[in-house]
Protein chains: 2
Amino acid sequence: MYQVNTNYLKLPGSYLFSTIAKKVAAFQQANPDKQIIRLGIGDVTQPLPKVVIDALHKAVDEQASAETFRGYAPDLGYDFLRNAIAEHDYRSRGCDISPDEIFVSDGAKSDSGNIQELFSKDNRIAVTDPVYPVYVDSNVMGGRCGNYDPHTGMWDQVVYLPCTAENDFVPDFPDQDPDIIYLCLPNNPTGTTLKKDQLQKWVDYANNKNAIIIFDAAYEHYISTPDVPHSIYECDGARDCCIEIRSFSKTAGFTGLRLGFTVVPKSLKCGDASLHDMWARRHGTKFNGAPYIVQRAGEAIYSEEGQKEVADLVSYYMENARMIREGLTAAGFTCYGGVDAPYIWMKTPDGMTSWDFFDYLLEKANVVGTPGSGFGPSGEGYFRLTAFGTHENTKAALERIKRL
Amino acid sequence: MYQVNTNYLKLPGSYLFSTIAKKVAAFQQANPDKQIIRLGIGDVTQPLPKVVIDALHKAVDEQASAETFRGYAPDLGYDFLRNAIAEHDYRSRGCDISPDEIFVSDGAKSDSGNIQELFSKDNRIAVTDPVYPVYVDSNVMGGRCGNYDPHTGMWDQVVYLPCTAENDFVPDFPDQDPDIIYLCLPNNPTGTTLKKDQLQKWVDYANNKNAIIIFDAAYEHYISTPDVPHSIYECDGARDCCIEIRSFSKTAGFTGLRLGFTVVPKSLKCGDASLHDMWARRHGTKFNGAPYIVQRAGEAIYSEEGQKEVADLVSYYMENARMIREGLTAAGFTCYGGVDAPYIWMKTPDGMTSWDFFDYLLEKANVVGTPGSGFGPSGEGYFRLTAFGTHENTKAALERIKRL
């Protein structure tokens, strides 16, 4: 008689963004005349860059002829893409990462969720709080988080690293030693990040404690401050204790195209076990490569023209971030982030809870944001707005919020 | 101090096809003048159907304009594709499967590897033997297979269901009750399948034993025999005990495009736990949808023209299957499969082991096949050839084998 993985049953409610989608759909149905503006889920709105479109058409044509047709991709990614990533994202920044340490995938969400499989069930995870929900949820499924307390919103086996206005969003080292530390920098949802010397301390800490850092750098393209690292491999010793996850979703608008990658250095070992070999084995067994045409699209953004188009895309969204940050501040709200990241993290007014403010904003301004408490207990009393809308919608949303 | 998932370290050697690729590369390097013909890995060789190419170009153009751009896909797949699948693959065959029971993914390999996550670590799996290695390997990673005995090639916690010439490739019910039963029909690698009454007995068995069947129907498009079911949902009671996995890879040449789906009926429950809800939760947490452009490509094969092109593609490969089967038989070999599946399963001559015959064929005929023992202990003494080559290569390979 079969039994299910009961860890799944411990997860409260549905995935954060599914809950929001249901609430918004219910509101829209009850108020069909209201024009809702969505600054909630971090989906992009601008079309794909021209170099990407051209690369896709070209690759599709190759698939139309027997001479140029490509079937199964190499498990770990095509060399043309792995070489471009190693050169542009790592070597150009002085990071010692070789192409065969790069594993191409269908996106950072899959990698973020799957990476925990490589570790013992008995390992204890630490997460900055608040943070992208996938790290904790995937570890709950993997049986590492213990039990959930609905009153505190906390799992009793997770080490939370609060990042709030009180500590300037810089996490302190925890009392209890974690085994696996998830850092998402620039952070989703707070839009804040760490400077090089601050991140170096975490790498040193991990090496001292024999912990591993899972570094999610999905938003690194939005960094403009000079001494903020784009990769954790800019820090000394990171090759011995860090895995880095990257995405093309926000960099080049690939949310609907699906492409990302994970870096697992060959020097990363746990005793005799090579994490690189284990991740390669996982790819070979449970994944069959990202589509050829999508890998060609990814390669295209590394051309000179591609880099220019990507920079324009990032500028477009960061202009929204500036508008939101300045507009809300002028309206009397307290805001964080939005400088090195496409997220603005605002304090809810008058001590409202995050979900109360979500409902208030949806009902009174017909604007959708994301309740901070959905990202972890220390997110309570905060609210996330994203810069991924159009200029027009962003302006309109701000006007509505100012009128409240 | 972090620890790895030691189940990974139990896996012997590398994934079957990686091992073959390395052997072939070494032979080619040592013999640069030899023209190797690959009938080993089941990758297709014919270009994508025209309807697919047209749909891809059209969808790519939509991604070039803000008005028609699509970002994140719905977690479980676009309705246009789920509706087409439900109508053409299920309702048209009298199977009661609704669109919201269909979960679109990046391919059957991912789903085959990931589905075990839904079940308790204490569950015991059964596999037909020989079979596609992903079922066992992914359960080894999940901690369900016990220990490997290199002498027998068996895991001590796996229930093997031998399928050999002796039982006409029809598995018997095992002495020990399994919890999770993997059936791949038409079978990879034997190319054999079960008739409706034979499959119905397995569905009844699973319902009696409270076991669940994971039914991999990746090759259903190659079925030509009338009373062979294309879907397990053609059997009575299957909605209560079966999950079905399908692929576009072999149906329409999508090996490099990546698209598949899994059917989890809403009626499939383990106590109060809904497997449908659990799989939805996994998709929502660890996956972000198949690319929009690829889902449009999948939709295209369900058009009238698409169905014609897919039928032509299947006919092309099945003509290879006929040539191989008849050619080898005429040359004195004993062959199975190749009627309802694109695989021919031959007995190795003179009692050679599968790997000895692999080496012999590679060295003497420069033809690559797949050693039967790589698919499980009962595959020893057999060898798999695929029909996915070109007519020309298939003919040439046969000439070489006949001359041995």
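Just so it is clear, the structure is predicted and the values come from calculations on it, not from any experiment.

Scanning chain A from N- to C-terminus turns up 12 helices and 17 strands. Since a compact globule built from 404 residues should have a radius of gyration of about 22 Å, the 21 Å found for chain A is in line with a globular shape. Principal-axis analysis of the C-alpha atoms places the extent of chain A at approximately 60 × 55 × 50 Å. Buried residues in chain A amount to 64% of all 404 residues. Contacts spanning at least 24 positions in sequence make up 74% of the contacts within chain A whose residues lie at least 6 apart. About 14,400 Å² of surface is accessible on chain A, with carbon and sulfur atoms providing 47% of the total.

In this section: the environment of Ser249(A). All names here are of chain A. Looking at the secondary structure, you find Ser249 in helix α7 (residues 249-252). Ser249 sits in the buried class, given a relative accessible area of 5%. Beyond its immediate chain neighbours, meaning those up to four positions away, Ser249 contacts Val44, Phe254, Thr255, Arg258 and Leu259.

We now examine the interface of chain A and chain B. Contact with chain A, which involves 80 residues of that partner, is made by 81 residues of chain B. Its largest share of buried area at the contact with chain B, chain A owes to Tyr2(A), Tyr72(A) and Arg281(A), together 14% of the area lost on that side. Linking chain A with chain B are 2 salt bridges, by the criterion used here. Arg281(B) serves as the salt-bridge partner of Asp137(A), at 3.1 Å between the closest nitrogen and oxygen. Applying the counting rule to chain A against chain B returns 37 residue pairs in polar contact (both at pLDDT 80 or more). Mapped onto the side of chain A that touches chain B, the elements with two or more residues apiece are α2 (50-62), α4 (108-114), α5 (134-141), β11 (269-270), α8 (275-286) and α9 (292-300) of chain A. Here the side of chain A that touches chain B takes 8 residues from α8(A), the largest share from any one element. A breakdown of the residues in the side of chain A that touches chain B according to their chemical character gives 35 nonpolar, 28 polar and 17 charged.

Now for helix α12 (residues 391-403) of chain A. Between its terminal C-alpha atoms α12(A) stretches 19 Å, which fits the 18 Å expected from 13 residues at 1.5 Å a residue. Against the buried residues of α12(A) lie β1 (37-38), α10 (304-330), α11 (354-365), β15 (367-368) and β17 (382-386) of chain A.

All names here are of chain A. This structure, assessed with the given rule, holds 34 salt bridges over all chains. The residue Lys23 makes a salt bridge to Asp359 at a minimum N-O spacing of 3.1 Å. Of the two residues, Lys23 is situated in helix α1 (residues 16-30) and Asp359 in helix α11; the sequence distance between them amounts to 336 residues. What makes Lys23 partly exposed here is its relative accessible area of 33%. Overall, the relative accessible area of 24% leaves Asp359 in the partly exposed class. The closest approach of N and O atoms between Arg91 and Glu87, which form a salt bridge, is 3.7 Å. Assessed through its relative accessible area of 43%, Arg91 is described here as partly exposed. Put simply, Asp89, Glu220, Glu244 and Arg246 are held in one network by salt bridges that share partners.

Superposition record for chain A on chain B: RMSD 0.0 Å, screw rotation 180 degrees, translation along axis 0.0 Å. Classification of the inter-copy transformation places it as that of a two-fold axis. Taking the C-alpha atom as reference, chain A places His57(A) closest to the rotation axis, 3.1 Å from it.

We now examine helix α5 (residues 134-141) of chain B. Residues and elements named next belong to chain B. Taken across its 8 residues, α5 has 8 buried, putting it largely inside the fold. Burial in α5 covers these residues: Val134, Tyr135, Val136, Asp137, Ser138, Asn139, Val140 and Met141. Two residues or fewer past α5, Gly143 is found with a positive phi of approximately 85 degrees.

With that out of the way, let us pick up unusual backbone geometry. Following Asn188(A), the chain continues to Pro189(A) via a peptide bond in cis, the omega torsion being 25 degrees. You can see Pro189(A) is positioned in the loop between β7 (180-184) and α6 (196-209). A cis amide bond, omega -10 degrees, links Leu185(B) with the succeeding residue Pro186(B). Mapped onto the elements, Pro186(B) comes out in the loop between β7 (180-184) and α6 (196-209). With a phi close to 55 degrees, Asn366(A) is a non-glycine residue in the positive phi region. Assignment of secondary structure puts Asn366(A) in the loop between α11 and β15. The backbone of Asn210(B) sits at a positive phi, close to 55 degrees, despite the residue not being glycine. Within the element layout of this structure, Asn210(B) appears in the loop between α6 and β8 (212-216). The class of Asn210(B) is partly exposed, set by a relative accessible area of 40%.

We now examine a positive patch on the surface. On the surface, Lys10(A), Lys121(A), Lys10(B) and Lys121(B) cluster together to form a positively charged patch. Here Lys10(B) is to be found in the segment before α1 (16-30). What makes Lys10(B) partly exposed here is its relative accessible area of 32%.

Our focus in this paragraph is the sheet that holds strand β14 (residues 343-347) of chain B. Across the sheet, which stays open at both edges, the 4 strands sit in the order β13-β14-β17-β16 (chain B) with antiparallel pairing between neighbours. Sheet topology places β13 (335-337) and β16 (370-371) of chain B at the edges, where each strand pairs with a single neighbour.

Residue and element names in this part refer to chain B. Counting buried residues along β7, 5 of its 5 residues qualify, which places the element largely inside the surrounding structure. Residue alternation in β7 divides its side chains into two sets, Ile180, Tyr182 and Cys184 and Ile181 and Leu183, and both sets are buried. Traced from β7 through α6 to β8, the parallel crossover comes out right-handed.

Residues and elements named next belong to chain A. Strand order in the open sheet formed by 7 strands is β2-β10-β9-β8-β7-β3-β6, and the pairing between neighbours is mixed. Every other strand in the sheet has two partners, leaving β2 (102-105) and β6 (159-162) as the edge strands with one partner each. The average angle at which neighbouring strand axes cross in this sheet is 20 degrees, direction not considered. Examined bridge by bridge, strand β3 (residues 125-129) and β7 share 3 bridges and lie parallel to one another. In the strand pairing of β7, Ala126 is matched with Ile181. Along the sheet face, helix α3 (residues 79-90) touches β2, β9 (242-247) and β10 (260-263) and points at about 115 degrees away from the line of β2.

Taken residue by residue, chain A gives an average pLDDT of 96. The fraction at 70 or more is 100%. With a pTM of 0.97, the predicted complex shows an ipTM of 0.96.

What follows is about the side chain of Asn320(B). Residue placement: Asn320(B) occurs in helix α10 (residues 304-330). Setting aside residues up to four positions removed in sequence, Asn320(B) forms contacts with Ala387(B), Gly389(B), Thr390(B), His391(B) and Thr394(B).

Another aspect to go through is the packing of aromatic side chains. Across all of its chains, the model carries 56 aromatic pairs over all chains by this definition. Where Phe119(A) meets Tyr2(B), the ring centres are 5.8 Å apart and the plane angle is 75 degrees; that geometry is what we call edge-to-face. Residue Phe119(A) is located in the loop between α4 and β3, and its partner Tyr2(B) is located in the segment before α1; the two belong to separate chains. Both residues of the pair, Phe119(A) and Tyr2(B), belong to the buried class. Summarising the aromatic geometry, the rings of Tyr148(B) and Trp155(B) are spaced 5.0 Å apart at their centres and angled 50 degrees between planes, so their arrangement reads as tilted. Taking relative accessible area as the criterion, Trp155(B) reaches 5% and is therefore assigned buried. Taking the ring centre of Phe80(A) as reference, the NZ or CZ of Arg296(A) above it sits at 3.7 Å.

About the criteria used
Residues numbered from 1 in each chain as written. Chains lettered and ligands numbered in written order. Predicted model: local features only at pLDDT ≥ 70, side-chain atom pairs only at ≥ 80, totals over all residues. Heavy atoms only, no water. Helix = DSSP H or I, 4+ residues; strand = E, 2+ residues; numbered from the N terminus. Rg over C-alpha atoms; globule rule 2.2 N^0.38 Å. Buried < 20%, exposed > 50% of the residue type's maximum accessible area, 1.4 Å probe, protein only. Contact = heavy atoms within 4.5 Å. Areas by Shrake-Rupley, 256 points an atom, 1.4 Å probe, with all protein chains shown as cover. Buried area = accessible area lost by both parts, 1.4 Å probe. Salt bridge = Lys/Arg side-chain N within 4 Å of Asp/Glu carboxyl O. Polar contact = N/O pair within 3.5 Å; in protein donor to acceptor, adjacent residues only side chain to side chain. Nonpolar A, V, L, I, M, F, W, Y, C, P; charged D, E, K, R; others polar. Expected span 1.5 Å × (residues − 1). Least-squares fit on C-alpha atoms with pLDDT ≥ 70 in both. Patch = residues over 30% accessible without salt bridge, like charges linked within 9 Å, V, L, I, M, F, W, Y side chains within 5 Å. Lys, Arg positive; Asp, Glu negative; His and termini not counted. Charge placed at Lys NZ, Arg CZ, Asp CG, Glu CD. Pairing = 2+ DSSP bridges. Right-handed = clockwise from strand over helix to strand, strands pointing away. Axes fitted to C-alpha atoms, helices over the stretch in contact; angles between N-to-C directions. pLDDT = per-residue confidence, 0-100. Phe/Tyr/Trp six-rings, centres within 6.5 Å; stacked < 30°, edge-to-face > 60°. Lys NZ or Arg CZ within 6 Å of the ring centre and 35° of its normal.

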